[in-house]
Amino acid sequence: DAGVTQSPTHLIKTRGQQVTLRCSPKSGHDTVSWYQQALGQGPQFIFQYYEEEERQRGNFPDRFSGHQFPNYSSELNVNALLLGDSALYLCASSADSTYEQYFGPGTRLTVT
Amino acid sequence: AQSVAQPEDQVNVAEGNPLTVKCTYSVSGNPYLFWYVQYPNRGLQFLLKYITGDNLVKGSYGFEAEFNKSQTSFHLKKPSALVSDSALYFCAVRDSLYNTDKLIFGTGTRLQVFP
C-alpha cells in the first residue's frame, strides 16, 4: 500500500502565477482533505472533497479551488499567487466513519 | 469557537526519562482527539486517537495519551523517551459542528530528547 502520495515535492512560482498540486489517497479511502501549513504553524484546513463534491471549506479565499476525480484523487489549484501562499500543502485521506486521516508528505510551495 | 491549545512551544527531556506533551481543547459536544507527529520535511504521521471508551489511549511507538474530560485535556505521554522521538508534535480535534473529518490543529510542540 503506497499510502497518500503528493506531487510535486517542491515547487517555486512567481507572484501572480497559478499552481496545481496533486494528491492520490490511500487505497480504500474516498475522502480527501487539503491543509496549508505555514512555517512554524499547525496545519490549517482548506477544504474537503467527498464523492467529487466540496463537502466543507475552511477560511480561504476563492483563489483556492479544488477537484476530486472519480478515482478519488484530488487537485488543489491556487490562482494569483501571493507571497503569503508560500507553505507546505498537505493532503490527507480518510474513509468515512473511521475518523483517522492519513497525510501525504506534502508539497512545499515557494512564491517569489 | 472550537480550538486546541498546546501551551508549550518546546519540551526538553533526557533520554530514558518520561515525557509529557500537553494539550487542552475546547469543543461543542463529545471531542474526537488526535495526536500526530511530524519529522523534518515530512508530512504528519498518526500516533493515536480518542473517540470514546477508556481514558488512556495507547498508540504507535510506545506513546499513550490520557483523556481528562473535567480538565478538557489530552496529554501525550511516553514512559521512556528516545532520541529518535525528537520531532514536532501536533494535537488536533475533529470539528464537531459538521459531519466531516476536518481537523483543527494546535500550534505544535517541539520535543527535544537529549542523549
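Along every chain, residues carry numbers that run from 1 in the direction the sequence is written. Here the convention is simple: chains get letters from A, ligands get numbers from 1, in the order in which they are written. In keeping with the model being predicted, local features are shown solely for residues with a pLDDT of at least 70 and side-chain atom pairs are shown and tallied solely at 80 or more, while totals for entire chains, interfaces and linings include all residues. Here the side-chain values reflect all heavy atoms present in the structure, with hydrogen atoms and water set aside.

(A) Geometry of the overall build of chain B. Regarding its fold elements, chain B presents zero helices and twelve strands. Listed by position from the N terminus, the elements making up chain B come as β-β-β-β-β-β-β-β-β-β-β-β. Along the longest, intermediate and shortest principal axes, the C-alpha atoms of chain B span 45 × 30 × 20 Å. We call two residues in contact whenever any of their non-hydrogen atoms come within 4.5 Å of each other. Contacts spanning at least 24 positions in sequence make up 55% of the contacts within chain B whose residues lie at least 6 apart. For accessible areas, the Shrake-Rupley method is used with a probe of radius 1.4 Å. Any residue's cover is judged against the shown protein chains and nothing else. Summed over all atoms, the accessible surface of chain B reaches about 5,500 Å², with 48% contributed by carbon and sulfur. Only four residue types enter the tally: Lys and Arg on the positive side, Asp and Glu on the negative side; His and the chain ends are excluded. By convention, charge coordinates are those of NZ in Lys, CZ in Arg, CG in Asp, or CD in Glu. Distance between charge centroids for chain B: 4 Å, based on 10 positive and 9 negative side chains. Each helix is a run of DSSP H or I of at least 4 residues and each strand a run of E of at least 2, with the numbering of both proceeding from the N terminus.

(B) Spotlight on the side chain of Arg94(B). Turning to its location among the elements, Arg94(B) is positioned in strand S10 (residues 87-94). Setting aside its immediate chain neighbours within four residues, Arg94(B) contacts Tyr99(A), Gln2(B), Tyr32(B), Phe34(B), Asn99(B), Thr100(B), Asp101(B), Lys102(B) and Leu103(B).

(C) Summary view of the pairing of strand S5 (residues 44-50) of chain A. Residues and elements named next belong to chain A. Of all the seven residues making up S5, five are buried; the element is thus mostly covered by neighbouring parts of the structure. The pairing of strand S4 (residues 31-37) with S5 spans six bridges and is classified as antiparallel. Bridging from a neighbouring strand, Ser33 pairs with Gln48 of S5. As consecutive antiparallel partners, S4 and S5 are separated by six residues, and within that stretch Gly40 has a phi angle of approximately 80 degrees, a positive value. DSSP bridges decide pairing: two strands pair if at least two such bridges lie between them. Two elements, S5 and strand S6 (residues 53-57), share four bridges in a ladder whose sense is antiparallel. Residue burial is assigned from relative accessible area. The probe radius is 1.4 Å, only protein chains are included, and a residue is buried under 20% of its type maximum, exposed over 50%, and partly exposed in between.

(D) Highlighting the side chain of Gln37(A). Within the secondary structure layout, Gln37(A) lies in strand S4. Here Gln37(A) falls in the buried class, since its relative accessible area comes to 6%. Engagement of the side chain of Gln37(A) in a polar contact is seen with the backbone oxygen of Gln41(A), the distance being 3.1 Å. Residues contacting Gln37(A), with those up to four places away along its chain left out, are Gly42(A), Pro43(A), Ala87(A), Leu88(A), Leu90(A), Gln38(B), Leu44(B) and Phe90(B). For this analysis, a polar contact is any N or O atom pair within 3.5 Å, provided that within protein one partner can donate a hydrogen and the other can accept it, and provided that sequence-adjacent residues contribute only side-chain to side-chain pairs.

(E) Summary view of the pattern of salt bridges. Residue and element names in this part refer to chain B. For this analysis, a salt bridge means a side-chain nitrogen from Lys or Arg found within 4 Å of a carboxyl oxygen belonging to Asp or Glu. In this structure the tally under the stated criterion is eight salt bridges over all chains. With a closest N to O distance of 2.9 Å, Glu64 and Lys58 form a salt bridge. In this structure Glu64 comes out as buried when scored by relative accessible area, which is 18%. Residues Asp85 and Lys78 are paired through a salt bridge, measuring 2.8 Å at the closest nitrogen-oxygen approach. In terms of burial, Asp85 and Lys78 fall into one category: buried.

(F) Region of the structure containing the state of the cysteines. Residues and elements named next belong to chain A. Disulfide: a pair of cysteine sulfur atoms within 2.5 Å of each other. Overall, the coordinates contain two disulfides over all chains when judged by the stated rule. Paired through a disulfide, Cys23 and Cys91 show a sulfur-sulfur distance of 1.8 Å. On the S-S bond that ties Cys23 to Cys91, the torsion sits near -60 degrees, and the link is left-handed. With Cys23 in strand S3 (residues 19-24) and Cys91 in strand S9 (residues 87-94), the pair connects residues that are 68 residues apart, well separated along the chain. Both residues of the pair, Cys23 and Cys91, belong to the buried class.

(G) Region of interest: the sheet that holds strand S8 (residues 74-78) of chain A. Residues and elements named next belong to chain A. Spatially, S1-S3-S8-S7 is the arrangement adopted by the four strands of the open sheet, whose pairing is antiparallel. Each having just a single partner strand, strand S1 (5-7) and strand S7 (64-68) make up the two edges of the open sheet. Neighbour-to-neighbour, the strand axes of the sheet open up by a mean angle of 20 degrees, direction not taken into account. As paired elements, S1 and S3 share three bridges and run antiparallel to each other. Paired with Thr5 across the bridge in S3 is Ser24. Angular values range over 0 to 180 degrees, each being the angle between N-to-C directions of two axes fitted as lines to C-alpha atoms, with helices fitted over their stretch in contact.

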